Amino acid sequence: MTKAMREPGLRTLGFDGVLDLFRKGSLPASAEDLIGEVFGGGAERGSLVISGASGIVGAGKAMQLGSRLHTYGVRVVGLDLPGAPDGIGRQYPGLVRAFGRDEADRIMANTVRLHYDGKRLPAELRGFKPRFLLEAIPEILELKRAHYEVFRAAFPGAEIRSVTSGFPSSALGVPIAHPAFPHEINKVWEVVEAKPSAVTRLFWALGLIPVPVGDYWSFVLDVLFCGVTHAALQYHGRSNMPFWKADKFVRRALGPNPFRAHDAIGAKGADFLTWSCLHHLAEHYGGLFRPTPELVERKDSGRDWYPPEHSRPLVDWKLTAEEAEEFDDQILGAVLQMTSLMLHEKRAALPYMNAIGELCAQFRSGILAVARRLGPEACRAKVAAYQAAHPDARGSAWHPEAFDGMNDAGWRQLYVNAEHDGRVGVITFGRESYNGDVDAELNRAIDWLRAEGIERVIVTGDFHLSTQLVGADTSEFYPALGRIEDGVRIAEGWSKTARRLHREFRVSVGFIGGKRALGGFLELMMHCHYLIAVDGTELGMPEVTLPVVPGMEGCHWTFRKSKPESWPEILRLLLGGRPVKAMNAVGWLADFAGPLDEALRTAWAAASGDSALPPRKLEERALSGIPTEVGGLPETENPATLAARKAILDTIQASCGAPLAEALVVQAKHSAAFMTSAACREGRIGAEAAKTLAV
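Residues numbered from 1 in each chain as written. Predicted model: local features only at pLDDT ≥ 70, side-chain atom pairs only at ≥ 80, totals over all residues. Heavy atoms only, no water.

## Here's the deal with the sheet that holds strand E16 (residues 516-518)
The strands making up a sheet associate through hydrogen bonds between their backbones, and the pairing can be parallel or antiparallel. Strand order across the open sheet formed by three strands is E16-E18-E19, with mixed pairing between neighbours. Taken across any chain shown, the strands that pair with only one partner, and hence form the sheet edges, are E16 and strand E19 (580-581). Sheet topology note: the E16/strand E18 (residues 538-540) ladder contains three bridges and is parallel. When the bridges of E18 are listed, Arg516 appears paired with Glu538. Sheet contacts for helix H22 (residues 519-526): E16 and E18; angle to E16, the most-contacted strand, approximately 90°. (Pairing = 2+ DSSP bridges. Helix = DSSP H or I, 4+ residues; strand = E, 2+ residues; numbered from the N terminus. Contact = heavy atoms within 4.5 Å. Axes fitted to C-alpha atoms, helices over the stretch in contact; angles between N-to-C directions.)

## As for the environment of His279
Along the polypeptide, His279 turns up in helix H13 (residues 267-285). Separated by eleven residues in the primary sequence, His279 and Arg290 place their C-alpha atoms 6.2 Å from one another.

## Concerning the nonpolar core
Ranked by internal contacts, the top residues of the largest apolar core, which has 174 residues, are Phe289 and Phe559. Per-element tally for this core: the top contributor is helix H15 (residues 321-345), with eleven residues. Within the second largest apolar cluster, 34 residues are counted, among which are Phe39, Ile50, Ala177 and Val191. (Core = buried A, V, L, I, M, F, W, Y, C linked by side-chain atoms within 4.5 Å. Buried < 20%, exposed > 50% of the residue type's maximum accessible area, 1.4 Å probe, protein only.)

## A short note on the layout of surface pockets
Approximately 590 Å³ is the volume attributed to the second largest pocket. Around the second largest pocket, the lining is made up of 27 residues, and of these Gly207, Phe463, Thr467, Gly513 and Gly514 lie nearest the centre. Looking at the lining of the second largest pocket, the elements with two or more residues in it are helix H9 (198-205), strand E13 (456-461) and strand E15 (507-512). Partitioning the lining of the second largest pocket into residue classes produces twelve nonpolar, ten polar and five charged. A domain split of the lining of the second largest pocket shows at least three residues from each of domain 1 (46-212) and domain 3 (415-693). (1 Å grid on protein atoms, 1.4 Å probe; cavity = no way out; pocket = protein on both sides within 12 Å on 5 of 7 lines; lining within 4 Å. Points joined across faces, edges and corners; volume = space filled by probe spheres on them. Nonpolar A, V, L, I, M, F, W, Y, C, P; charged D, E, K, R; others polar. Domains from an automatic or database assignment.)

## Digging into the packing of aromatic side chains
Per the stated rule, a full pass over the model turns up 22 aromatic pairs. Seen in terms of ring centroids, Phe22 and Phe463 are 6.0 Å apart; in terms of plane orientation they differ by 80°. Their pairing is edge-to-face. Here Phe22 is found in helix H2 (residues 18-24), whereas its partner Phe463 is found in the loop between E13 and strand E14 (471-472), with 441 residues between them in sequence. This pair shows no difference in class: Phe22 is buried, exactly as Phe463 is. Taken together, a centroid distance of 6.4 Å and an interplanar angle of 40° make the contact between Phe132 and Phe203 tilted. Note that Phe132 is positioned in strand E5 (residues 130-135) and Phe203 in helix H9, a separation of 71 residues in sequence. (Phe/Tyr/Trp six-rings, centres within 6.5 Å; stacked < 30°, edge-to-face > 60°.)

## Remarks on unusual backbone geometry
Residue Phe181 is joined to Pro182 through a cis peptide bond whose omega torsion reads -5°. On the secondary structure map, Pro182 appears in the loop between strand E7 (176-179) and strand E8 (188-192). With omega at -10°, the peptide bond leading from Leu546 into Pro547 counts as cis. A positive phi angle, near 65°, is found at Asn240, a position not held by glycine. Positionally, Asn240 belongs in the loop between helix H10 (221-239) and helix H11 (243-253). Assessed through its relative accessible area of 56%, Asn240 is described here as exposed. Phi angles above zero are rare outside glycine, and Glu553 is one such case at about 75°. Along the polypeptide, Glu553 turns up in the loop between E18 and helix H23 (557-560). Judged by relative accessible area, which is 0%, Glu553 ranks as buried.

## Structural notes on the sheet that holds strand E17 (residues 530-534)
An order of E1-E10-E11-E13-E15-E17-E20 is seen for the seven strands of this open sheet, with the pairing classed as mixed. Of all the strands in the sheet, just strand E1 (3-4) and strand E20 (592-594) have a single pairing partner and so form its edges. Relative to strand E10 (residues 416-420), E1 runs antiparallel, the two sharing two bridges. Within the sheet, the bridge partner assigned to Lys3 lies in E10 and is His420. The sheet strands contacting H22 are strand E11 (424-429), E13, E15 and E17, and the helix crosses E15 at an angle near 150°.

## Points about the domain arrangement of the chain
In terms of domain boundaries, the chain breaks down into domain 1 (46-212), domain 2 (220-310 + 317-409) and domain 3 (415-693). Computed over C-alpha atoms, the centres of domain 1 and domain 2 are 30 Å apart. Taken together, the contact between domain 1 and domain 2 spans 13 residues of the former and 13 residues of the latter. Carbon and sulfur atoms supply 70% of the area that domain 1 and domain 2 bury against each other, a total of about 1200 Å² over both sides. Counting the surface domain 1 buries against domain 2, the share from its top three residues, Ser165, Phe181 and Glu190, is 35%. Taken together, the links from domain 1 to domain 2 amount to four residue pairs in polar contact (both at pLDDT 80 or more). Mapped by element, the contributors of at least two residues to the side of domain 1 that touches domain 2 are E8 and strand E9 (209-212). Looking at the side of domain 1 that touches domain 2 residue by residue, the class counts come to seven nonpolar, four polar and two charged. (Buried area = accessible area lost by both parts, 1.4 Å probe. Polar contact = N/O pair within 3.5 Å; in protein donor to acceptor, adjacent residues only side chain to side chain.)

And the structure:
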């Protein structure tokens with residue numbers, strides 16, 4: 001019997017939880033088996049048909065799926081009208097960059113393009129034995145329904161999914177697989193279906209991220225993205241603030257640049273989709289979503305939102321503190337009211353609703369994390385301020401009670417979950433970058449497991465939303481660029497959390513099964529008694545390239561767990577910024593690296609106490625003999641990189657030269673001090689902070 005803080009994401013896809021995955025020592029499904037289930041096997045293996053394949057969505061998904069399916073003998077058939085532009089051909093340079101020319105050629109050779117008149121399917125399509133239709137034709141409901149009728153009549157057993165941005169499954173008559181932009185690389189698909197299907201599980205097995213959502217107009221992503229665009233348009237209508245300037249303030253408040261994103265996607269098509277979503281939402285929910293005149297005009301004209309580059313600085317629009325607060329009320333108030341509707345309708349599990357904003361709509365923090373920080377009363381106050389300016393937003397789409405219950409597990413654990421079977425626990429991360437929210441949730445997960453009497457734990461990604469662990473969320477460091485106290489607070493607080501994994505469990509196992517683990521997340525995993533990884537995983541400390549000084553004890557913890565002969569390798573990792581493959585880091589950074597199934601079994605054996613793998617001892621005394629220089633570093637004359645190397649080396653010497661009991665504070669002070677330096681402020685993080693905050 002497995003107990004969890006909240007439902008594991010894998011269970012929403014029809015799988016067991018993460019703890020069962022480790023117990024069994026294998027993933028819950030294989031791509032090969034699911035390919036056979038969806039497309040058939042042997043001589044009967046059929047094809048994927050993408051209708052509307054020349055459009056931006058269809059072409060992007062033809063390449064994303066085609067690059068994964070061609071090794072299994074599944075042909076991709078692109079279907080479109082004769083006059084459609086060559087969208088698939090435009091994908092070729094991207095394939096070459098991602099896979100190399102030979103592999104790109106094989107992917108393209110496996111892709112067949114056919115034309116039809118929109119009413120009758122081409123006769124040669126039957127020879128490709130279609131088993132799955134992904135429909136990406138224009139957002140016209142009657143056109144889509146007619147298309148399904150034609151396809152079903154010809155291939156009655158085929159699976160059908162629509163990529164629609166806004167029409168619910170109940171209106172279309174087929175399940176939904178709505179992909180996020182950019183379509184070539186974003187792995188998230190909003191999925192609407194009666195129960196988890198083989199198609200959804202296949203997407204997961206192919207390395208994509210299917211996310212179940214409810215069957216409502218515009219699902220979750222487009223309510224958030226179209227909603228924040230709508231709020232910015234309403235503010236423009238009240239203030240006449242230029243669109244590009246409104247973008248800057250929206251970016252500061254939440255993260256996205258909605259108008260720039262429309263231009264990047266292609267203003268005419270993107271404006272139509274946003275108008276369509278808002279138009280249908282307004283029909284069902286009222287004035288909160290009613291498209292503004294500016295959007296209607298752009299939908300009809302197809303004009304870009306941004307003026308030519310040279311004319312932007314001519315209007316340097318500043319806001320007073322009071323005006324800035326009003327702007328935040330207008331933007332956040334609108335989005336929070338829309339969120340209340342989605343919460344009321346239970347459009348998605350709370351972690352999913354939150355993650356979709358981050359992974360797809362470019363929110364710096366998911367809207368539920370934003371709401372949680374504000375608290376229910378402040379959320380309601382912001383909506384009230386918004387409604388005072390827009391009285392037509394009052395009504396059935398406002399559900400103030402939706403923000404109650406923020407102490408429930410779903411609200412409290414948006415990013416971090418925990419499960420246990422009474423003896424072994426697992427902590428899973430559903431966010432790829434570490435921030436204050438993740439830190440707080442990790443502490444609550446540890447508290448819960450300890451209260452449940454669990455002394456053995458595996459720490460890992462969630463095998464769903466997080467396909468890698470990329471390190472600290474650098475936006476957390478913006479305040480520390482100007483105040484050393486903020487840098488110390490972050491470095492000390494996060495390091496104390498990491499130490500709990502070492503101190504409060506009899507056995508802790510850090511498991512890295514994604515593409516990479518970098519920076520702060522790798523430092524966190526280093527604190528576990530064991531670090532186990534899949535052999536091809538990249539492990540890295542890229543802080544020197546940002547530049548910052550590692551703040552979660554990366555400058556001394558690994559030295560304390562390694563033999564002196566390995567110290568040059570650690571120095572190269574820290575001072576060079578280049579990652580290493582896990583199989584090359586065994587003995588000094590990792591304890592084991594191997595194929596996935598073997599790594600899973602090794603992690604379970606270590607956590608359950610059945611492993612012969614000895615843990616590396618942590619030296620708590622001060623270390624001596626740490627090298628002061630090392631060869632093999634990338635050559636550079638960049639002053640910021642050179643300054644970071646010196647600061648990191650100074651931190652290594654100081655924190656390794658102190659006993660463990662003092663080293664945490666020593667490293668935190670060094671890390672915080674460098675963040676206030678000119679080298680850091682003028683580096684990548686400083687530039688990002690200026691771009692975000694200096695409006």
